[in-house]
Amino acid sequence: MDLSAVREVSHAVSAAHLFTYLVPEGAQEAAEFGVTDRGPAYLAFRSAALGPVPWQVTLAAFYNFSPRAVRAMDGVWAAAPPERWQAARFVAVGRAMRRVGVRMTADRLAEARSLLDPVVAGADYAGRVLAAANASVALPSDPLVALWQQITVVREWRGDAHLVVLADNGVGPCDCLVLHTAAGGLPTALARTTRRWNDEEWAAATARLTARGWLNSGASVPSSSVPGATDIGATNTAAALADATLTDAGRASRERIEAETDEYCAALWAPIGETGARRLAALIAPITEAFTAAGTFQAVRPA
């Protein structure tokens, strides 16, 4: 299978899934359970499919979050059991999609499902923890939300596969986040605030990547300039290195890691082939287009 088709559909799937972490509807649903901190709410919504697991299991599945970030979800299952978080997630997704005016005809929805469903049904879930958990969730009756949940399964499948590739390449949890921000994938301040790696950990990861020849280290940035840094035990003397940039070797290595992930994912898309994968990418594009037009993704675009 042409790996460019794998990359195309993977990007489309990731984009169509992403809005759930950024829309106000999620925060509103979490607030109904008395959880107003967006960090624990995010972790509860995304890990609800796993069931009432301890935070350490969520940490293992999420990879690029620090232990202190994930430990903050302690108590979310007391606020509401996972099945209620999952149901609330579906409510938030449906509300958000209709608020921004996602337009998909019944025929388009049916065609998208005709392509996604055999992929989900035929997937090998060995070692794909979040994908397997999401595949076990009963689909909601709302056709648009049911489509989104099937999108979520394949999005998490690639994510699970990506973690294997990162580990194979010796790129640890904080290292992969530093690499991602250096490539422009996420604003550094947002990454630091949500994943809660402190200054020493961030600087150590930056040093490891620099030693590999993957980064040009930037100027030091005091932790006071990183939102939330003073709340996570960061020290003002350690370097946050917010403006480190990729070297040519770093760009090549990052692309190689992505290509290896594509190779893992080729088997996932085999049931519908290159043509089906590209068609699915086109069919679900209205989801991303609607949220882009609504300004939903501005917070995750590096300045």
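Residues numbered from 1 in each chain as written. Predicted model: local features only at pLDDT ≥ 70, side-chain atom pairs only at ≥ 80, totals over all residues. Heavy atoms only, no water.

Describing the overall build of the chain
For step 1, the next point in the chain: Broken down by element type, the chain carries 16 helices and 2 strands.
For step 2, the next point in the chain: Relative to the compact-globule value of 19 Å for 303 residues, the chain shows a C-alpha radius of gyration of 19 Å, a close match.
For step 3, the next point in the chain: The long-range fraction of contacts in the chain, counting pairs at least 24 apart against all pairs at least 6 apart in sequence, stands at 81%.
For step 4, the next point in the chain: As displayed, the chain offers around 12600 Å² of accessible surface, 55% of which is attributable to carbon and sulfur atoms.
For step 5, the next point in the chain: Within the chain, the 30 negative side-chain charges are centred at a point lying 3 Å from the centre of the 27 positive side-chain charges. (Helix = DSSP H or I, 4+ residues; strand = E, 2+ residues; numbered from the N terminus. Rg over C-alpha atoms; globule rule 2.2 N^0.38 Å. Contact = heavy atoms within 4.5 Å. Areas by Shrake-Rupley, 256 points an atom, 1.4 Å probe, with all protein chains shown as cover. Lys, Arg positive; Asp, Glu negative; His and termini not counted. Charge placed at Lys NZ, Arg CZ, Asp CG, Glu CD.)

Digging into helix 12 (residues 188-195)
For step 1, the next point in the chain: Taken residue by residue, helix 12 has Thr-188, Ala-191, Arg-192 and Arg-195 as its buried positions. Seen along its axis, helix 12 keeps its buried residues to an arc of 95°; they face one direction.
For step 2, the next point in the chain: Packed against the buried residues of helix 12 are helix 5 (67-71), helix 11 (173-182) and helix 13 (199-211).
For step 3, the next point in the chain: Just past helix 12, the residue Arg-196 takes up positive phi, approximately 60°. (Buried < 20%, exposed > 50% of the residue type's maximum accessible area, 1.4 Å probe, protein only. Arc of directions from axis to C-beta.)

Some details on the nonpolar core
For step 1, the next point in the chain: Judged by nonpolar contacts, the single largest core of 71 residues is most densely connected at Phe-19, Met-97, Val-102, Trp-269, Ile-284, Ile-287 and Phe-291.
For step 2, the next point in the chain: At 12 residues, helix 10 (residues 143-168) tops the list of elements feeding residues into this core.
For step 3, the next point in the chain: In this view, Ile-287 contacts Ala-16, Phe-19, Met-97, Val-102, Met-104, Leu-147 and Ile-151; residues no more than four positions away in its chain are not counted.
For step 4, the next point in the chain: Counting 23 residues, the second-largest nonpolar core is a separate cluster that includes Val-35, Phe-45, Ala-61 and Ala-69. (Core = buried A, V, L, I, M, F, W, Y, C linked by side-chain atoms within 4.5 Å.)

Some words on the confidence of the model for the chain
For step 1, the next point in the chain: When pLDDT is averaged along the chain, the result is 91, and 91% of the positions lie at 70 or above.
For step 2, the next point in the chain: A low-confidence stretch, residues 219-241 (pLDDT under 50), is modelled with 48 contacts involving residues beyond four sequence positions or located in other chains. (pLDDT = per-residue confidence, 0-100.)

Considerations on the state of the cysteines
For step 1, the next point in the chain: Within the structure shown, the criterion is met by 0 disulfides.
For step 2, the next point in the chain: Looking at Cys-174, it has no disulfide partner, and the nearest cysteine sulfur is the one in Cys-176, 8.1 Å off. (Disulfide = S-S within 2.5 Å.)

Here we look at the pattern of salt bridges
For step 1, the next point in the chain: Going through the model one piece at a time under the given rule, you end up with 19 salt bridges.
For step 2, the next point in the chain: For the salt bridge of Asp-2 with Arg-278, the shortest nitrogen-to-oxygen distance reads 3.5 Å. Taken together, the residues Asp-2 in the segment before helix 1 (3-18) and Arg-278 in helix 15 (residues 273-283) connect sequence positions 276 residues apart.
For step 3, the next point in the chain: Residue Asp-175 is joined to Arg-208 by a salt bridge in which the shortest nitrogen-to-oxygen separation is 2.7 Å. Placement of Asp-175 in helix 11 and of Arg-208 in helix 13 is noted, with a sequence separation of 33 residues between them.
For step 4, the next point in the chain: Beyond isolated ion pairs, a larger network of salt bridges with shared partners links Arg-7, Arg-158, Glu-255, Glu-258 and Asp-262. (Salt bridge = Lys/Arg side-chain N within 4 Å of Asp/Glu carboxyl O.)

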